[in-house]
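# Residue-level structure breakdown
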Amino acid sequence: MIEIKFVRQNLPEIEKALSRRGQTADLETFKQCDAERKALLLEIENLRHRRNVVSEQIAAMKKDGQDADDLVTQMRDVANKIKALDHDLSENEDKINQILFGLPNMPHKSVPEGKDSSENPVVRQIGTPPDFDFEPLAHWTLGEKLKILDFETAAKITGARFPLYLGNGARLERALINFMLDIHTTKHGYTEILPPFIVNRNSLTNTGQLPKFEEDLFKLNGWDYFLVPTAEVPVTNIHKDEILNEEMLPIFYTAYTPCFRSEAGSYGKDTKGLIRQHQFNKVELVKFTKPETSYDELETLLNHAETILKILGLPYQVVNLCTGDLGFSAAKTYDIEVWMPAQDVYREISSCSNFESFQARRANIRFKRKGKKGTELVHTLNGSGLAVGRTVAALLENFQQADGSVLIPEALRSYMGGLEKISP
C-alpha cells in the first residue's frame, strides 16, 4: 500500500507510474474524497470545540442556578450533527482506502520499460540446454509412461488441474522439498517455518492479494478463511503489528507449503502437465530488511534461488520484469525461467521480488534504529526457492534418456535412497 501522504503530494508521479505499468486509477475521485475529508475534519473539529466551550458555560450556569435548558438543547443538536458527520467521515475514508488498496506499488527506477512479458530483458543464461539425438517427450507423457504421474485419476478424484504422484514420482517431489529446505537452511542461513495452510482475510490484504485478486483464491465455505496461494502470505504476517529491533534485521525465513490458486481467467493456458495447477508445492524464501539494504538483499535472494538450479544442473535464464509485467505489490521482480526441452522454451520456475514498504505498511511491520526516536517500515522481499512441481517437470524433460528412463541428479540421490534413475 502506498502512503496516503505520498499519494496526496505526488499525484503526477503516481499517474506516471500507473502509465508505466499500463494501468489507470480513479485519482480524480481520490482528490475529491481527500478534499471532502479535510472539510469534514475541520467541521467536526469546530463543532467539538464549540461543544467543549458551551459545556463549560452550561456547567457554570447550573452552578450559579441559571437556566441552561436552551444551551443543553443546542448541544444535543450539535452532538447529533457530530455523529452524522463522523458517519460521513467514515464512509469517505472507506472510499479513500478502497482507492489506495487498489493502487499498485511504484516501480523501482531500475525496472525496464515494456508493455508485457515479451519485453522482459534477459539478465543472464546459465547452463546449456541438452542436445538430444531423439525427440524429447513432454514431462506429462514421460510421467505417465514411467507410472509416476496420473492426471486422469487426479481428475476423477477432484477435477482438472490437480496432480496425482505415484511411487518414485511422489518420492521425487518429497526429495526436492527436503533438498531445497536443507540448502536454504544450512547453506543460506534461513530459518525454517512450517506455517498454517489456511489464512484469514487480513493476512491476504497485508500481502496484497486482497482485495484486488479475490477471484484467484480458494475461500472456505462458511468461514472468512482462505487456502494459502503461497507461503509468502502466512510467513510475511509473522511480524504483523510488530516493532523489530534494528539488530534483528535482516530476517530470513524459508517455508514449504502446498499452494492453492483458482487460476481465474487462465483457462486454455498450460492445461497439460505440472506447469499451471490449482494445487502445487513450493518452497518459499521471505526476507525482512532495512530499506537501505533491500536491493542488495534482492540480488542475494535471487542467487539463493538460482543455486538450487545450479546444483541440480538445470539450464535456466534470469529475466528482469518490465513495467507492464510487474506484479501488483512488487517494486522490482526477477523471474528465473528453466529450460523445457519438449516445449523448446524457458518457463518460469521462480519470481524474486522486492516489495519495499508496500506490504509492511499494510501489515504495520516496523523497526526501531538504535539510539533514534520513532520507527520506520521494514522492506519485505520474497521468492520461490523453488516451485517444486515445475522442478519435477524440468528434471523429467532435461534428464530423459533414449530408453524412456530419467536420470536422477547426483545431489538428489541420497534423498531418493540411492536411486540413480527412474526407469519404465
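For the structure itself, look to the data block above.
Here is a short report on the structure shown in this document. (Residues numbered from 1 in each chain as written. Predicted model: local features only at pLDDT ≥ 70, side-chain atom pairs only at ≥ 80, totals over all residues. Heavy atoms only, no water.)

This part takes up helix 2 (residues 11–21). The complete set of buried residues in helix 2 reads Leu11, Ile14, Ala17, Leu18, Arg20 and Arg21. If you follow the buried residues of helix 2, they end up packed against helix 1 (4–9) and helix 3 (27–63). Directly beyond the C-terminal end of helix 2, a positive phi value near 75 degrees is found at Gly22. (Buried < 20%, exposed > 50% of the residue type's maximum accessible area, 1.4 Å probe, protein only. Helix = DSSP H or I, 4+ residues; strand = E, 2+ residues; numbered from the N terminus. Contact = heavy atoms within 4.5 Å.)

Once that is clear, we can look at empty space enclosed by the protein. If you walk through the whole model with that rule in mind, you get one cavity of 30 Å³ or more. One number sums up the size of the largest cavity: a volume of about 40 Å³. Lining of the largest cavity is provided by Ile2, Ile14, Ala17, Leu18, Arg21, Leu103, Pro104, Asn105 and Met106. (1 Å grid on protein atoms, 1.4 Å probe; cavity = no way out; pocket = protein on both sides within 12 Å on 5 of 7 lines; lining within 4 Å. Points joined across faces, edges and corners; volume = space filled by probe spheres on them.)

Geometrically, the link from Leu210 to Pro211 is a cis peptide bond, its omega value of 5 degrees lying close to zero. By secondary structure assignment, the location of Pro211 is in the loop between helix 8 (201–207) and strand 4 (225–227). The linkage connecting Gly385 with the following residue, Leu386, adopts the cis geometry, with an omega of 20 degrees. Turning to its location among the elements, Leu386 is positioned in strand 13 (residues 379–387). Here the phi dihedral of Glu356 falls at roughly 50 degrees; this positive angle occurs in a residue that is not glycine. With respect to the helices and strands, Glu356 occurs in the loop between strand 10 (345–354) and helix 11 (358–363). The exposure class of Glu356 is partly exposed, given its relative accessible area of 21%.

So, on to a nonpolar patch on the surface. Taken together, the side chains of Leu194, Phe197, Ile198, Trp223 and Tyr225 present a nonpolar region at the surface, about 520 Å² in accessible area. Overall, Phe197 belongs to the partly exposed group, its relative accessible area being 33%. (Patch = residues over 30% accessible without salt bridge, like charges linked within 9 Å, V, L, I, M, F, W, Y side chains within 5 Å. Areas by Shrake-Rupley, 256 points an atom, 1.4 Å probe, with all protein chains shown as cover. Salt bridge = Lys/Arg side-chain N within 4 Å of Asp/Glu carboxyl O.)

The next thing to look at is the pattern of salt bridges. According to the stated counting rule, one finds 18 salt bridges in the structure shown. Salt-bridge contacts for Arg20 lead to Glu113; the nearest nitrogen and oxygen are separated by 2.5 Å. Here Arg20 is found in helix 2, whereas its partner Glu113 is found in the loop between helix 4 (69–101) and strand 1 (122–126), with 93 residues between them in sequence. Judged by relative accessible area, which is 18%, Arg20 ranks as buried. The shortest N-O distance in the salt bridge between Lys282 and Glu284 comes to 2.4 Å. Both residues of the pair, Lys282 and Glu284, belong to the buried class. By sharing partners, the salt bridges in this structure join Glu246, Lys290, Glu292, Arg369 and Glu376 into a single network.

This part is about the layout of surface pockets. Which parts of space are left empty comes out when a probe the size of a water molecule is rolled across the atoms. When its volume is computed, the second largest pocket comes out at roughly 240 Å³. Considering only residue class, the lining of the second largest pocket consists of eight nonpolar, three polar and four charged. (Nonpolar A, V, L, I, M, F, W, Y, C, P; charged D, E, K, R; others polar.)

Glancing now at the packing of aromatic side chains. What the rule picks out here adds up to nine aromatic pairs. Seen from their ring centres, Phe132 and Phe134 are 5.0 Å apart, and the 55 degrees between their planes marks the pair as tilted. A relative accessible area of 24% means that Phe134 is categorised as partly exposed. Ring geometry for Trp339 against Tyr346: centres 5.0 Å apart, planes inclined by 65 degrees, an arrangement best described as edge-to-face. An aromatic cluster is present here, built from Phe213, Phe328 and Phe358 joined pairwise through their rings. Geometry around Phe226 places Lys219 over its ring, the cationic atom sitting 5.8 Å from the centre. Geometry around Phe252 places Lys287 over its ring, the cationic atom sitting 4.4 Å from the centre. (Phe/Tyr/Trp six-rings, centres within 6.5 Å; stacked < 30°, edge-to-face > 60°. Lys NZ or Arg CZ within 6 Å of the ring centre and 35° of its normal.)

Most of strand 13 sits out of view: nine of its nine residues are buried. Two strands pair when backbone bridges link them, and strand 7 (residues 279–289) and strand 13 are joined in this way by seven bridges, in the antiparallel orientation. Counterpart to Val286 in the pairing with strand 13 is Asn382. Bridge count between strand 10 and strand 13: three bridges; the pairing is antiparallel. What sits directly across from Cys352, in strand 13, is Gly383. (Pairing = 2+ DSSP bridges.)

With 50 residues, the main nonpolar core has Leu176, Met180, Leu309, Leu314, Ile336 and Leu412 as its most contacted residues. Sorting the residues of this core by element identifies helix 7 (168–186), strand 7, helix 10 (294–312), strand 8 (316–320), strand 9 (332–340), strand 10, strand 13 and helix 12 (388–398) as the ones contributing at least two each. A per-element tally of this core places helix 7 first, with eight residues. When near neighbours in sequence (up to four residues on either side) are disregarded, Leu412 contacts Leu172, Ala175, Leu176, Phe179, Leu312 and Leu395. (Core = buried A, V, L, I, M, F, W, Y, C linked by side-chain atoms within 4.5 Å.)

From the geometry alone we can't say anything about function, so treat these as descriptive.
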